[in-house]
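# Examination of the molecular architecture
So the chains spell out like this:
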Amino acid sequence: MLRECIKMAFEGMLSNKLRTFLTMLGIIIGVGAVIAMVSLGLGMQEKVKENISSMGSNLLIVMSGGRTANGQRIASGSGAHLTYDDAKAIEKNVDGIKYVSPGVQTSYQLVAGNQNWNSSVQGMTPNIIDIRNYTIAEGRMYTEKEMTSRDRVCVIGQTVAENLFPEGSPVGKTMRINKAPFRVIGVLNSKGQSSMGQDQDDIVFVPLTTAMQRLMGLTYIRNITIQCENEKLIDQVQSDVVALLRQRHKIKTGDDDDFSVRNLAEIIKTAQETTGSITLLLAIVAAISLLVGGIGIMNIMLVSVTERTREIGIRKALGATYHDILLQFLVESMVIGVTGGTTGMILGTIVSVIAAKVIGWPVVVSILATIISVLFSVGIGLFFGLYPAKKAALLDPIEALRYE
Amino acid sequence: MNVIELKDIVKSYAMGDSTVMALNHLTVSFEKGKFTSIVGPSGSGKSTLMNVLGCLDRPTSGQYILEGKDIAQYSDDELAHTRNARIGFVFQSFNLLSKLTAVENVALPLVYAGVGLKERTERAEQALKDVGLGARLYHKPNEMSGGQRQRVAIARALINDPAIIMADEPTGNLDTKSTLEIIDIFEKLNKMGKTVIMVTHEPELADMTQRIITIRDGQLIKDERRD
Ligand SMILES: Nc1ncnc2c1ncn2[C@@H]1O[C@H](COP(=O)(O)OP(=O)(O)OP(=O)(O)O)[C@@H](O)[C@H]1O
Ligand SMILES: [Mg+2]
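These numbers were taken from a predicted model, which means no experiment stands behind them.

A few words now on the interface of chain B and chain A. With 22 residues of chain B at the contact, the number on the chain A side is 23 residues. Between chain B and chain A, roughly 1900 Å² of surface is buried when both sides are summed, and carbon and sulfur atoms account for 57% of that area. If you sort the residues of chain B by the area they bury against chain A, L56, L97 and Y112 of chain B come out on top, with a joint share of 31%. Seen at the junction of chain B and chain A, the total is one salt bridge. Taken together, chain B and chain A are joined by five residue pairs in polar contact (both at pLDDT 80 or more).

Here is the structure:
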């Protein structure tokens, strides 16, 4: 009986190809969209994770200004600031640390010859390129000595190099940062966009002390980036740093910190929550189109039942029971659902692979989303086919036979 | 012995305020192995009677005993099973499925009887050969003449070897030649022992049967037996 039903369903589908195709299109698009959206969302999540960890793993960032209990930063203008000495003290006194990198940053107008450009100028210690996983393409990084002597030297990213020095190598040339002349001694290799869409090559590194004293006129630093030796030490290092800074800043027990420490694991978690909810949103939108596809099936099945009233009458007159007719129409709507779902699954996977390649995200094909959406399309065939099938199965044989 | 006994059968349709009595307290029985014809003017209730007899429709009231069993107690599924196994119904308008071949049409009752594909096809081919359509086994209905289509319908009615053949104006849409071929088949079936009940408008055809029942306004007005 089931075999007959499946055979009949395929014959029925083939006898009205265009209509079958249009009905299926709803399911194809729905399932395809769910799979494409979920896998793109997961790809995005993966990319964000990759990018954040490419900033360097095991990182702690100490910033001037405390945080209230709910995480808001208290204005950092209260007088208490991080100093270069704080950074040196951390490096000296806290165990389990690989790098300590204090920093200041401001956006400045850059000029070289008749070219000009606006970019983020970051005053950093020389170890910053290791911490942020940059590599030198040309020239070299500045040295500790150049930092102590507050030399006007800088290392620039690819974007800056292209815009200020369109022809020839920038190394050895001079550029003006906020009107002060700096010698370019190195160019970084390209790192591309960050997960937040920032161009990581649009950057200028200058020695920390040069930036503080000759460029920005600061006596304090904005933040200190700390890289721990390994992940397990992060919590220990974080509490040691807090204790040390409280002591150095002479904060009384019970008073709030005048600085805040964030670790990268936290940042990754926040970013993942964000991308996770974007994925969910995309999946919901796609699922709605799947639902619309299901309603399309119901619509066509209702038309089909009406059109075939006489056929149903004949079948019933020849001995088909309620269940025979119910099965026939259910199988038909399920065949539409399954065929559409499978096609949608294949298309969705292809689309998500291509899209991921084009955008440059990792390809993540979610087996779970695939299984769920295909099962769902079977379920939709069943659910939206049930009402029309019941309607058909309940037809009175005589009335169905009289139907013109 | 009676295969069918109808007692005080009423079939009424509500038409707005009034009710139409398509069958008006009809009592009649049919003996096993007889070829009976039912005649009467248009609208007299012949088709209504056939539908009740063929278990396609339930009477409003009255008792229908088929092969000793009261049909009124039957569920819809049991009625479907009875139509499938005990009764072969032939319609005036053939009622074949246009997308299926002759063999598939004939085999349809066997699908619902749970017979496998191979046996179904063999039996359908044999049934078509028996009604003289051995050369048209895999034609679709629209590739056949009216007489051929009605023979396919008869083959379908016979496929599950029912005890009773019912035909509602089986020759109403056919020319004289085809009509005689169809009646010939019914007579042969009757000789093989099947009970045949046929509605007809043509007195010559009724004359060829063993019993003529005349109906008017849903009531039996004449019951003529001849041997
Ligand atoms: N579904 C229905 N609703 C209302 N009235 C009906 C219905 N079916 C039949 N009737 C009425 O019942 C009466 C008997 O109809 P029936 O079809 O049995 O007549 P008939 O003897 O077969 O006529 P014909 O020779 O023209 O086929 C008619 O008056 C008809 O109008
Ligand atoms: Mg009639």
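Near ligand 1, the surroundings consist of 14 residues, among which S42, G43, K46, S47 and T48 of chain B are the closest. The environment of ligand 1 is shared, with nearby residues belonging to chains A and B. Interatomic distance of 3.0 Å between a backbone N/O atom of G45 of chain B and an oxygen atom of ligand 1. A distance of 2.7 Å is found between an oxygen atom of ligand 1 and a side-chain nitrogen or oxygen belonging to S47 of chain B. Against a free-state accessible area of 630 Å², the protein chains account for coverage of 68% of ligand 1. Considering every element that reaches the shell around ligand 1, the biggest residue donor is helix α1 (residues 46–53) of chain B, with three residues. Considering only residue class, the shell around ligand 1 consists of four nonpolar, seven polar and three charged.

For chain A, the assigned domains are domain 1 (2–51 + 270–402) and domain 2 (100–225). Relative placement of domain 1 of chain A and domain 2 of chain A: their C-alpha centres are 56 Å apart.

Right, let's get into empty space enclosed by the protein. If a probe the size of a water molecule is rolled over the atoms, the empty space left behind becomes visible. Going through the model one piece at a time under the given rule, you end up with one cavity of 30 Å³ or more. If you add up the space inside the largest cavity, you get close to 90 Å³. Around the largest cavity sit 13 residues that line it, and L318 of chain A together with R83, I87, G88 and P109 of chain B are the ones nearest its centre. Every element with two or more residues in the lining of the largest cavity is listed here: α2 (76–85), β6 (87–90) and α5 (146–158) of chain B. Here the element with the most residues in the lining of the largest cavity is β6 of chain B; it accounts for three residues. When the residues that make up the lining of the largest cavity are grouped by side-chain class, the tally is eight nonpolar, three polar and two charged.

Let us now look at a nonpolar patch on the surface. Taken together, the side chains of I346, L347, I350, I354, V358 and I359 of chain A define a hydrophobic patch exposed on the protein surface, amounting to about 570 Å² of accessible area. By secondary structure assignment, the location of I359 of chain A is in helix α11 (residues 322–359).

The next point concerns the side chain of N223 of chain A. Residues and elements named next belong to chain A. Tracing the backbone shows N223 in strand β9 (residues 223–228). Owing to a relative accessible area of 14%, N223 belongs among the buried residues under this scheme. Polar contacts involving the side chain of N223 include one to the side chain of Q105, which spans 3.2 Å. Here N223 is in contact with I61, V62, M63, L82, S101, P102, G103 and Q105, once residues within four sequence places are set aside.

As a further point, take the layout of surface pockets. Residues and elements named next belong to chain A. Put simply, the second largest pocket is a space of about 470 Å³. Residue assignment for the lining of the second largest pocket shows that the elements contributing at least two residues are α1 (2–15) and α10 (309–317). Looking at the lining of the second largest pocket residue by residue, the classes come out as seven nonpolar, six polar and eight charged.

Residue and element names in this part refer to chain A. Between α10 and α11, whose axes approach to 10 Å, the crossing angle comes to 140°. Of the possible angle classes, the one that applies to α10 and α11 is oblique. Note that α10 runs across α11; the crossing there is right-handed. In this structure, α10 contributes E311, I312, R315 and K316 to the contact, and α11 contributes I325, Q328 and F329.

Another aspect to go through is the nonpolar core. By size, the foremost hydrophobic cluster in this structure holds 67 residues, and its most contacted members are I4, L6, I38, L53, Y64 and M166 of chain B. Sequence-distant contacts of I4 of chain B, that is, excluding residues within four places in its chain, are made with V28, S29, F30, L53, Y64, I65, L66, I164, M166 and I197 of chain B. Core analysis: the next-biggest nonpolar cluster, separate from the first, contains 48 residues, C154, A161, L245 and I251 of chain A among them.

What follows concerns the sheet that holds strand β4 (residues 61–66) of chain B. Residues and elements named next belong to chain B. Taking strand neighbours across the sheet as the criterion, the four strands line up as β2-β1-β4-β5 in an open arrangement whose pairing is antiparallel. Each edge of the open sheet is held by one strand with a lone partner, namely β2 (18–31) and β5 (69–70). Pairing analysis gives two bridges linking β4 to β5, with the strands arranged antiparallel. Across the sheet, the residue bridging to L66 is K69, located in β5.

Procedures and definitions
- Residues numbered from 1 in each chain as written.
- Chains lettered and ligands numbered in written order.
- Predicted model: local features only at pLDDT ≥ 70, side-chain atom pairs only at ≥ 80, totals over all residues.
- Heavy atoms only, no water.
- Contact = heavy atoms within 4.5 Å.
- Buried area = accessible area lost by both parts, 1.4 Å probe.
- Salt bridge = Lys/Arg side-chain N within 4 Å of Asp/Glu carboxyl O.
- Polar contact = N/O pair within 3.5 Å; in protein donor to acceptor, adjacent residues only side chain to side chain.
- Near = heavy atom within 4 Å.
- Areas by Shrake-Rupley, 256 points an atom, 1.4 Å probe, with all protein chains shown as cover.
- Helix = DSSP H or I, 4+ residues; strand = E, 2+ residues; numbered from the N terminus.
- Nonpolar A, V, L, I, M, F, W, Y, C, P; charged D, E, K, R; others polar.
- Domains from an automatic or database assignment.
- 1 Å grid on protein atoms, 1.4 Å probe; cavity = no way out; pocket = protein on both sides within 12 Å on 5 of 7 lines; lining within 4 Å.
- Points joined across faces, edges and corners; volume = space filled by probe spheres on them.
- Patch = residues over 30% accessible without salt bridge, like charges linked within 9 Å, V, L, I, M, F, W, Y side chains within 5 Å.
- Buried < 20%, exposed > 50% of the residue type's maximum accessible area, 1.4 Å probe, protein only.
- Axes fitted to C-alpha atoms, helices over the stretch in contact; angles between N-to-C directions.
- Parallel < 35°, antiparallel > 145°, perpendicular 65-115°, else oblique.
- Left-handed = near helix turned anticlockwise from the far one by under 90°.
- Core = buried A, V, L, I, M, F, W, Y, C linked by side-chain atoms within 4.5 Å.
- Pairing = 2+ DSSP bridges.

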